[in-house]
Amino acid sequence: MQRQTAAATALILPAFLMLLAFTHWPAVATLIDSLYSTPRGSRPAVFVGAENYSDLLDDPVLFKALANNFWYALVTIPASVALSLLMAISVNAQLPGRALVRMAYFTPTILPMIAVANIWLFFFTPDYGLFDQFVGLFGLGRHNWLNDSDTALPAMMVVAVWKESGFFMIFYLAALQSMPPDLAEVGRLEGASRWMFFRRVTWPLLMPTTLFVVVNAVINAFRTIDHVVVMTRGGPDNATALLLYHIYDVGFRFWDTAQAATMTVLLVAILAALAFVQFVVLGRKAHYR
Amino acid sequence: MQMTRRVLLASTATGAATLAMPTISRAADQTSVEFYFPVAIGGPVTKIMDGIVADFTKENPDIALKAVYAGSYNDTLTKAVTATKSGQGPQLAVLLSTDAYSLVDDDLVLPFDNTAEDKAWLGGFFPAFMANGQINDRVWGVPFQRSTIVLYYNKDAFKEAGLDPEKAPATWEEHAAFAEKLTKREGDRVTRWGIQIPGSGFSYWLLQAMVAEAGGTMMSDNGTKVHFTDPAMVSALQYWVDLSAKHHAHPPGIVDWGTTPRDFLEGRAAMIWHTTGNLTNIKTNAKFPFGVAMLPANKRRGSPTGGGNFYMFKSASPAQRTASLRFLKWVTSPERAAAWGVATGYVATRPDAWATQTMKDYVAGFPAAAVARDQLAFAVPEFSTHDNQRVTQALDDQLDAAMLGKKTPEAALAEAQAAAERILKPFRRG
């Protein structure tokens, strides 16, 4: 017994230490930093209590970033989930060149986000970019997609959905493949329409996958900002400033590390709340075998 | 006998040691100096930089110089500051001349004007390039890759529009009128814009040119106050917005900094305002005759300086400080400054560099290169305050809104002023 515990501890220790050093300790340190002022030159950090938190209310960009992130998440999560499911169903069927189509769908996932952003940067370029050349065929004039505050955020959403759907598709595809074929046979015998079968059998059976995919999509909606850095740097007029991008700006461009730490705590709180809701609400609906 | 032998042995050993000494001590005395540099223009800058390091090392074998490419200006600042705060920083870095306040406020850099000799050396630069690096009567930046804004224009387009290709617009009125004439339309579509002034990334910088031309200044000398609501500032922004809204000669909305030189090279823009740092790029790639001119005047001529200075970090040891200074004096010497300017298009930072044969030959073959130097007489220091990045961002956000037509110039600038006041308040308490 004693030896078993010792062995177990020894086996867990490396992973636990890593987790402690790179996840738990930084989280605690951030929380502590958020209670102190930013040290600047000759002025050391002093304890300010909740002042950093009340200062957040004076940051108009933060509210803009929160609103942007809300819309960004609201659009990209359902869109990428729906698209990935559609793609998975389409390549699950028997069709010629299936492997090629699957690979094509998955390609965006393999590419680094920075490369993806640079490709899309070209697509969105006014006049000679892909989109403008395309709409130019119909006689429409130039559009400055990324430098117009009405289209910049939707442009970011398109990139995110394009990048993520292929990844989620793999999970849906795996789930569809593991679904016993006799279910479909029974459905056919009972005379269920394809839509009925999907709604009553496939979709409920996919629920655990959907839960996993949605949790990941939510995290990514707050975590992936590479394309913002490359394509718009948060502009124009903060139209594409997402929460994490704003934190980076405040922390590593303005060097207001205390304010950045405070906003990080806010971000962690939002993510924790979302994860909690997801597991309680969606988890109840998920049907595990 | 025994004695003699021992003495002999000992002396041989000493002799050997003495012989070995110089090589050993040279390796030990070699001072290592590392500097971070950004690349902000087209062209093989890293290769040029490697050549500079190789030449310097050949002439100064006692200094181990290492140049580290660190990305954009912002990346370089982030990397240099992060590395310095963790004790691994470089001794030198090329950073924006406008980052001086932040670096001094954070107590990260050293002043350069310590001895009479150093002061004499620093006195040899164009005063316009020194201004941004002077804070609290000390010098914190050595001008290196410096630039200013000039007007590039397509001479073929001028001819096509019935304008004299040797006469660039001299005033705001001319500039707007030329731009209208140069704009070419096919039905509703514009195939060539008369003028493009980029408004992404550096919009405050381009606006500052217009503010200077309108006779205004954007900030106080000590970097604690901004004058965003001054009439000169409002009229400058109004002029920029009007080029598109009233004259329909400038693309609506925000023009991208990065694609503007390409628009010019592809003939989609007849005139552009851009940094002299792009001179070599445009000269190499333009398939049509082009002109370079000073920016047009309103109440006066004017253009802000820009680009990067060398900064020395506090973490440098005394030996490294001496070695760093030797490198800086070497790299800013007339011949070197001239060669760097010719290779990149940056404005050579010292009058004596312009007197070298290298530079004279270059200007003789390419007179446009001298426009930036002549414009220095009207140059103003680049916009810079305490907590510079934050104030600049607050201004740029509002300029975006004004150019997109979401706010009037007055309203946008009033908001930028209020934001800047909030940020600068702590620095005014002293």
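None of these values were measured; they are calculated from a predicted model.

Caption draft 1: The overall build of chain B, seen in detail. In terms of helices and strands, chain B carries 19 helices and 13 strands. Considered along the principal axes of its C-alpha atoms, chain B spans approximately 110 × 55 × 35 Å. Within chain B, buried positions represent 58% of all 430 residues. Considering only residue pairs separated by 6 or more positions, chain B has 76% of its internal contacts joining residues 24 or more positions apart. The average position of the 43 basic charges and that of the 43 acidic charges among the side chains of chain B differ by 4 Å.

Caption draft 2: Region of the structure containing the interface of chain A and chain B. Listed per partner, the contact involves 28 residues of chain A and 32 residues of chain B. Regarding the contact of chain A and chain B, the summed buried area is about 2600 Å², with carbon and sulfur atoms giving 45% of it. Three residues, Tyr128, Arg253 and Trp255 of chain A, lead the burial of chain A against chain B; their summed loss comes to 27% of the area buried on that side. Our count for the contact surface shared by chain A and chain B stands at two salt bridges. The shortest N-O distance in the salt bridge between Asp256 of chain A and Arg390 of chain B comes to 3.2 Å. Counting across the interface, chain A meets chain B through eight residue pairs in polar contact (both at pLDDT 80 or more). Only α3 (60-92) and α12 (243-253) of chain A provide two or more residues apiece to the side of chain A that touches chain B. Per element, the largest residue contribution to the side of chain A that touches chain B is five residues, and it comes from α12 of chain A. Of the residues assigned to the side of chain A that touches chain B, the class counts are ten nonpolar, eight polar and ten charged.

Caption draft 3: Region of the structure containing the pattern of salt bridges. Per the counting criterion, the structure on display carries 20 salt bridges over all chains. Note that Lys406 of chain B is salt-bridged to Asp150 of chain A, the shortest N-O span being 3.1 Å. Here Lys406 of chain B, found in the loop between α18 (388-403) and α19 (409-428), pairs with Asp150 of chain A, found in the loop between α6 (130-137) and α7 (152-177), and the two come from separate chains. Put simply, Glu117, Asp118 and Lys329 of chain B are held in one network by salt bridges that share partners.

Caption draft 4: How the structure looks around helix α13 (residues 318-331) of chain B. With 14 residues, α13 of chain B should cover 20 Å at 1.5 Å per step; its first-to-last C-alpha distance of 20 Å lies within 8% of that length. Taken together, the buried positions of α13 of chain B are occupied by Gln320, Ala323, Ser324, Leu325, Phe327, Leu328, Trp330 and Val331 of chain B.

Caption draft 5: Inspection of the domain arrangement of chain B at higher detail. Residue and element names in this part refer to chain B. By domain assignment, chain B separates into domain 1 (24-147 + 306-371) and domain 2 (148-305 + 381-424). Its C-alpha centre places domain 1 at a distance of 29 Å from the equivalent point of domain 2. Across the boundary between the two partners, domain 1 contributes 28 residues, which contact 27 residues of domain 2. Summed over both partners, the interface of domain 1 with domain 2 comes to about 2100 Å²; 55% of that surface belongs to carbon and sulfur atoms. For the pair domain 1 and domain 2, the number of links is zero salt bridges. The interface formed by domain 1 and domain 2 contains 13 residue pairs in polar contact (both at pLDDT 80 or more). Listed by contribution, the elements that provide at least two residues to the side of domain 1 that touches domain 2 are α3 (73-85), α4 (100-105), α6 (127-130), β7 (142-154), β12 (303-313), α14 (334-344) and α17 (369-375).

Caption draft 6: Seen up close, the packing of helix α9 (residues 203-213) of chain B against α18 of chain B. Residue and element names in this part refer to chain B. Close contact between α9 and α18 brings their axes to 9 Å; oriented N to C, the two are set at 75°. As judged from the angle between their axes, α9 and α18 are roughly perpendicular. Across the interface between the two elements, Ser203, Tyr204 and Leu207 from α9 touch Thr392, Leu395, Asp396, Leu399 and Met403 from α18. Within the contact of α9 with α18, the residues separate by chemical class into five nonpolar, two polar and one charged.

Caption draft 7: Summary view of the layout of surface pockets. Its boundaries defined by the atoms lining it, the second largest pocket holds a volume of some 1400 Å³. In terms of lining, the second largest pocket is formed by 43 residues, of which the most central are Asp256 and Gln259 of chain A together with Arg390, Arg422 and Ile423 of chain B. Contributing elements (two or more residues each) for the lining of the second largest pocket: α2 (51-55), α3 and α12 of chain A together with α18 and α19 of chain B. Looking at the lining of the second largest pocket element by element, the count peaks at eight residues for α19 of chain B. Looking at the lining of the second largest pocket residue by residue, the classes come out as 15 nonpolar, nine polar and 19 charged.

Caption draft 8: Inspection of the packing of aromatic side chains at higher detail. Residues and elements named next belong to chain B. As enumerated under the stated definition, the model contains 43 aromatic pairs over all chains in all. With centroids separated by 5.4 Å and ring planes inclined at 80°, the aromatic side chains of Phe264 and Phe288 adopt a geometry described as edge-to-face. Here Phe264, found in helix α11 (residues 260-265), pairs with Phe288, found in the loop between α12 (279-285) and β11 (290-293); they are 24 residues apart in sequence, far enough to count as distant. The residues Phe264 and Phe288 share a single accessibility class, namely buried. Chaining the aromatic ring pairs together yields one cluster made of Phe35, Phe37, Phe56, Tyr69, Phe144, Phe310, Phe327, Trp330, Trp340 and Tyr346. In this structure, Arg373 is placed above the aromatic ring of Trp354, and the distance from its NZ or CZ to the ring centre is 4.9 Å.

Conventions used here
- Per chain, the residues get numbers from 1 upward, laid out in the order the sequence is written.
- Each chain gets a letter, beginning with A, and each ligand a number, beginning with 1, in the order they are written.
- Local features in this predicted model are restricted to residues of pLDDT 70 or higher, and side-chain atom pairs are both shown and tallied only at a pLDDT of 80 or more, whereas totals for entire chains, interfaces and linings draw on every residue.
- Water and hydrogen atoms play no part in the side-chain values, which are based on all heavy atoms of the structure.
- To qualify as a helix, a DSSP run of H or I must reach at least 4 residues; to qualify as a strand, a run of E must reach at least 2; elements of each kind are numbered from the N terminus.
- Using a 1.4 Å probe on the protein chains alone, a residue whose accessible area is under 20% of its type maximum counts as buried, one over 50% counts as exposed, and one in between counts as partly exposed.
- Contact between two residues is taken to exist if any of their heavy atoms lie within 4.5 Å; hydrogens are not considered.
- The convention is simple: Lys and Arg are positive, Asp and Glu are negative, and His and the chain ends are not counted.
- Note on charges: their place is set at NZ of Lys, CZ of Arg, CG of Asp or CD of Glu.
- Buried area adds together the accessible area that both of two parts lose upon being put together, with accessible area traced by a 1.4 Å probe.
- Only one rule defines a salt bridge in this text: a Lys or Arg side-chain nitrogen within 4 Å of an Asp or Glu carboxyl oxygen.
- Distance and chemistry together define a polar contact, namely a pair of N or O atoms within 3.5 Å, with one atom able to donate a hydrogen and the other to accept it when in protein, and with adjacent residues in sequence counting only for side-chain atoms on both sides.
- When residues are sorted by character, Ala, Val, Leu, Ile, Met, Phe, Trp, Tyr, Cys and Pro go into the nonpolar class, Asp, Glu, Lys and Arg into the charged class, and all the rest, Gly among them, into the polar class.
- One less than the residue count of a helix, multiplied by 1.5 Å, gives the span that helix is expected to have.
- An automatic or database domain assignment supplies the residue ranges for each domain.
- With axes taken as lines fitted to C-alpha atoms, and helix axes fitted only over the stretch in contact, angles between N-to-C directions fall between 0 and 180 degrees.
- For classification, angles of less than 35 degrees are called roughly parallel, those exceeding 145 degrees roughly antiparallel, those between 65 and 115 degrees roughly perpendicular, and all remaining angles oblique.
- Cavities and pockets are defined on a 1 Å grid built over the protein atoms alone: a cavity is a set of grid points where a 1.4 Å probe fits but cannot escape, while a pocket is an open set with protein on both sides within 12 Å along at least five of seven lines, and lining residues are those with an atom within 4 Å of any such point.
- Grid points are joined across faces, edges and corners, and a volume is the space filled by probe spheres set on the points.
- Stacked, edge-to-face and tilted labels apply to pairs of Phe, Tyr and Trp rings (six-membered ring for Trp) whose centres lie within 6.5 Å, assigned for plane angles under 30 degrees, over 60, and everything in between, in that order.
- Each ring is checked for a lysine NZ or an arginine CZ that lies within 6 Å of its centre and within 35 degrees of its normal; such an atom marks a charge sitting over the ring.

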